[in-house]
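Now for the letters of each chain:
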Amino acid sequence: MIERLVVFGGTGDLMGRYLLPGLAALGASERLPERFELVGAGRHDWDDEQFRNWAADWLEREATDIDAGARTAVVDATRYQRLDLADPASVSACLAGQGPVAVYLSLPPAVFPIAVSALHQAGLPPDSQVVVEKPFGEDLESARALNRLLAEEMDERHVFRVDHFLAMTTVRNVLGTRLTNRVLEPLWNSTHIEEIEIVWDESLALEGRAGYYDRVGALKDMVQNHLLQLLCLVAMEPPSSLGERDLRDRKVEVLRSVRPFEDADVASRTRRARYRAGRVGERDIPAYVDEDGVTPEHGTETFAEVVLELNSRRWSGTRFRLRTGKALGRDRMEVVVRFRPVPDHPFAPPLQTAAPNLLRFGLEPEGLSLELTGTGSGAKASLVPLTLSAEMEPPELPAYGRILLDVLTGNSALSIRGDEAEEAWRVVTPVIEGWARDLVPLEEYDGGSNGPV
Ligand SMILES: NC(=O)c1ccc[n+]([C@@H]2O[C@H](COP(=O)([O-])OP(=O)(O)OC[C@H]3O[C@@H](n4cnc5c(N)ncnc54)[C@H](OP(=O)(O)O)[C@@H]3O)[C@@H](O)[C@H]2O)c1
């Protein structure tokens, strides 16, 4: 197991909000190596003590559920190193120590290539890992270029491209449930399933993230990575193992089978929109274009929907609706499988028609429900909805705890492979280009509503 984790960009939001709490959770469950060392590398002129205080503050805010001893142990295992990516001596100083090291690039995406080259110049010890955050590239070309650079510098086995959705227990449960249940297995195809909706609707608005979000938008921030990964888990052929080769081969097959968008498809099967001012819960929110740091002329969307079709024997004829938005009236994060109606039943009109069966996988909060139809207990045989639901145990580790454990143990099953990252960009590229040519209008919706009408 790797004993040293060096975080480039160690003074950033991701480090405070997710990586430190993930490490504390690993410590609390005794899964950190005994001689674990954490190096926070940043541009500030800080010493170890200043960095430890900063880390302790974040842990106190973001890891309240974790034992105080485990939090302190992470802080005590920390040192700070000033980082200047243009100065090889500073990069080498960050890496100094015995044995392999895991280097986490928690940097703005534009800096990834500079950091990879700097690591190559400094020379990584054998069996070291490099972790690259999302978004992996800004488009297909830049993702290819970054892959080429990584391939020149290191073995694919030692590159970990993060998509933290894959480490969420609720996301893994989608795959677990569909692959292990006899009642679902024969139905998991287009003969029985009309549509699968993959939804990540947030009530959160921009929350001060214009610097990142206004150049990216909903399609690149959510659909290109997280929602396409969910599509892979929902639609993949059963892998023969959960090992890194089998799982990722099956996922790439799904992405390769997505029917490419022609211009007419972009116009008819995609939507984009941004929020107007409104009220979300108890809060008044400004219109997206009036948020601090937003340039309205960028035309950035805060809502995106794409309907995909797969060229495959199993799925031809099923719609896959991927949808995400910000500043919506309620949080709705789920995968909804809508089954086709039965061809006929004796409770025909004038009695009600049967509602479609829905299988819902709650992603946040967790949960699982199956909506069926039955006949009620009234005098007349009328059709009534019946819902079966199950709750899940809270996760043992937060998603970033699981990612860091995999990085330190060299398990890359949940890492996005290079070809997979490129295929995901291939899927969305015609949509990005079509939107840039205004094939689809940029609609508007009220903050706090259900999205564009
Ligand atoms: N935060 C999240 O919720 C989140 C979620 C998923 C993925 N991510 C990804 O995680 C990465 C980091 O995000 P973040 O939110 O932590 O960003 P951030 O708060 O802006 O932090 C970025 C870090 O990188 C450092 N940095 C910037 N330019 C640098 C350079 N040229 N050389 C050396 N260090 C440099 C910054 O140092 P200074 O403080 O000196 O500027 C800071 O420590 C990004 O790729 C982001 O897309 C973030």
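Structure report, in brief.

### Remarks on the pattern of salt bridges
Scanning all chains against the criterion turns up 38 salt bridges. Among the ionic pairs, Arg321 bridges to Glu195, the shortest N-O distance being 3.1 Å. Pair noted here: Arg321 is in strand S11 (residues 319-325) and Glu195 is in strand S7 (residues 193-201), with a separation of 126 residues, a long-range link. Of the residues examined, Glu195 reaches a relative accessible area of 8% and is grouped as buried. Ionic pairing is found between Arg271 and Glu443, a salt bridge with its closest N-O pair at 3.0 Å. Separated by 172 residues along the polypeptide, Arg271 in strand S8 (residues 270-280) and Glu443 in strand S16 (residues 442-447) bring together distant segments of the chain. Given the relative accessible area of 23%, Arg271 is considered partly exposed. Taking relative accessible area as the criterion, Glu443 reaches 24% and is therefore assigned partly exposed. A single salt-bridge network, built from bridges that share partners, covers Glu197, Arg332, Glu334, Arg360 and Glu371.

### Looking at the site of the ligand
Of all residues adjacent to the ligand, which total 19 residues, the nearest are Thr11, Leu14, Arg43, Leu107 and Lys134. Within the backbone of Leu107, an N or O atom sits 2.8 Å from an oxygen atom of the ligand. For the ligand, the protein covers 76% of the area, taking 900 Å² as the surface of the free molecule. At three residues, helix H1 (residues 13-28) tops the list of elements feeding residues into the shell around the ligand. Counted by class, the shell around the ligand contains 10 nonpolar, five polar and four charged residues.

Thresholds, definitions, all that
- Residues numbered from 1 in each chain as written.
- Predicted model: local features only at pLDDT ≥ 70, side-chain atom pairs only at ≥ 80, totals over all residues.
- Heavy atoms only, no water.
- Salt bridge = Lys/Arg side-chain N within 4 Å of Asp/Glu carboxyl O.
- Helix = DSSP H or I, 4+ residues; strand = E, 2+ residues; numbered from the N terminus.
- Buried < 20%, exposed > 50% of the residue type's maximum accessible area, 1.4 Å probe, protein only.
- Near = heavy atom within 4 Å.
- Polar contact = N/O pair within 3.5 Å; in protein donor to acceptor, adjacent residues only side chain to side chain.
- Areas by Shrake-Rupley, 256 points an atom, 1.4 Å probe, with all protein chains shown as cover.
- Nonpolar A, V, L, I, M, F, W, Y, C, P; charged D, E, K, R; others polar.

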